[in-house]
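# Structural characterization, general
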Amino acid sequence: MLPQMLAKGDIIPPGYKLRCVSRVGKCGGGVAMLFREILSISENVDGTSPSAEALAVSVKLDAITIRLIVLYDPPKAPKGTDFFIDFANIIDQYSLMSGQLFIVGDYNIQWDYN
């Protein structure tokens, strides 16, 4: 028997909000953030490219602004895309904004440990 499919609303605990960006043109995937309802959240204009899936928000907490980016480098990004160039462009764009910047995610970067 197949497990019952859950809607996004089924996974949100009471007192929280979900912000998400679904994968374009494919079933499943994308990135998401879960926040407490008491936080003031606004989504930023997304400046990413086809090589990465991203969700960028500003979190206001009293006089503090936190810029939070969830970034995912899918293993099967379209050919001809360059994640490292796009990643640098994202950092350039957000480094000029006020507030603290946090970038989290899965970058699929291969390291040579030899």
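Let me sum up the structure you'll find in this document. (Residues numbered from 1 in each chain as written. Predicted model: local features only at pLDDT ≥ 70, side-chain atom pairs only at ≥ 80, totals over all residues. Heavy atoms only, no water.)

The pairing of strands in a sheet comes from backbone hydrogen bonds and takes either a parallel or an antiparallel form. One open sheet holds the 4 strands; their spatial order is β3-β4-β5-β6, and the pairing between them is mixed. Of all strands in the sheet, those bounded by a partner on one side alone are β3 (40-43) and β6 (100-106). Neighbour-to-neighbour, the strand axes of the sheet open up by a mean angle of 25°, direction not taken into account. In the sheet, strand β4 (residues 53-61) pairs with strand β5 (residues 64-72) via 9 bridges, with the strands oriented antiparallel. When the sheet's bridge partners are listed, Glu53 is paired in β5 with Tyr72. Relative to the sheet, helix α1 (residues 83-95) contacts β4, β5 and β6, its axis offset from that of β5 by approximately 170°. (Pairing = 2+ DSSP bridges. Helix = DSSP H or I, 4+ residues; strand = E, 2+ residues; numbered from the N terminus. Axes fitted to C-alpha atoms, helices over the stretch in contact; angles between N-to-C directions. Contact = heavy atoms within 4.5 Å.)

It is worth spelling out the side chain of Arg67 at this point. Tracing the sequence through the fold places Arg67 in strand β5. For Arg67, the side chain forms a polar contact with the main-chain oxygen of Ser98, separated by 3.0 Å. (Polar contact = N/O pair within 3.5 Å; in protein donor to acceptor, adjacent residues only side chain to side chain.)

The next subject is unusual backbone geometry. What you tend to see is this: most non-glycine residues have negative phi, and most peptide bonds are trans. A positive phi angle is found at Asp62, which is not glycine, with a value near 60°. Mapped onto the elements, Asp62 comes out in the loop between β4 and β5. Overall, the relative accessible area of 80% leaves Asp62 in the exposed class. (Buried < 20%, exposed > 50% of the residue type's maximum accessible area, 1.4 Å probe, protein only.)

Another aspect to go through is α1. Relative to the 18 Å expected for 13 residues at 1.5 Å per residue, α1 spans 18 Å between its end C-alpha atoms, a close match to the ideal helical length. Taken residue by residue, α1 has Phe83, Asp86, Ile90 and Tyr94 as its buried positions. For α1, the buried positions fall inside an angular range of 65° around the axis, keeping them on one side. Buried residues in α1 make contact with β4, β5 and β6. (Expected span 1.5 Å × (residues − 1). Arc of directions from axis to C-beta.)

Residues Val31, Met33 and Phe35 line the buried face of strand β2 (residues 30-36), whereas the alternating positions Gly30, Ala32, Leu34 and Arg36 sit on a face that is not buried. Across 7 bridges, strand β1 (residues 16-22) lies against β2 in antiparallel orientation. In the sheet register, Arg19 faces β2, and the bridge partner there is Met33.

Purely spatial values, then, with no claim about function.
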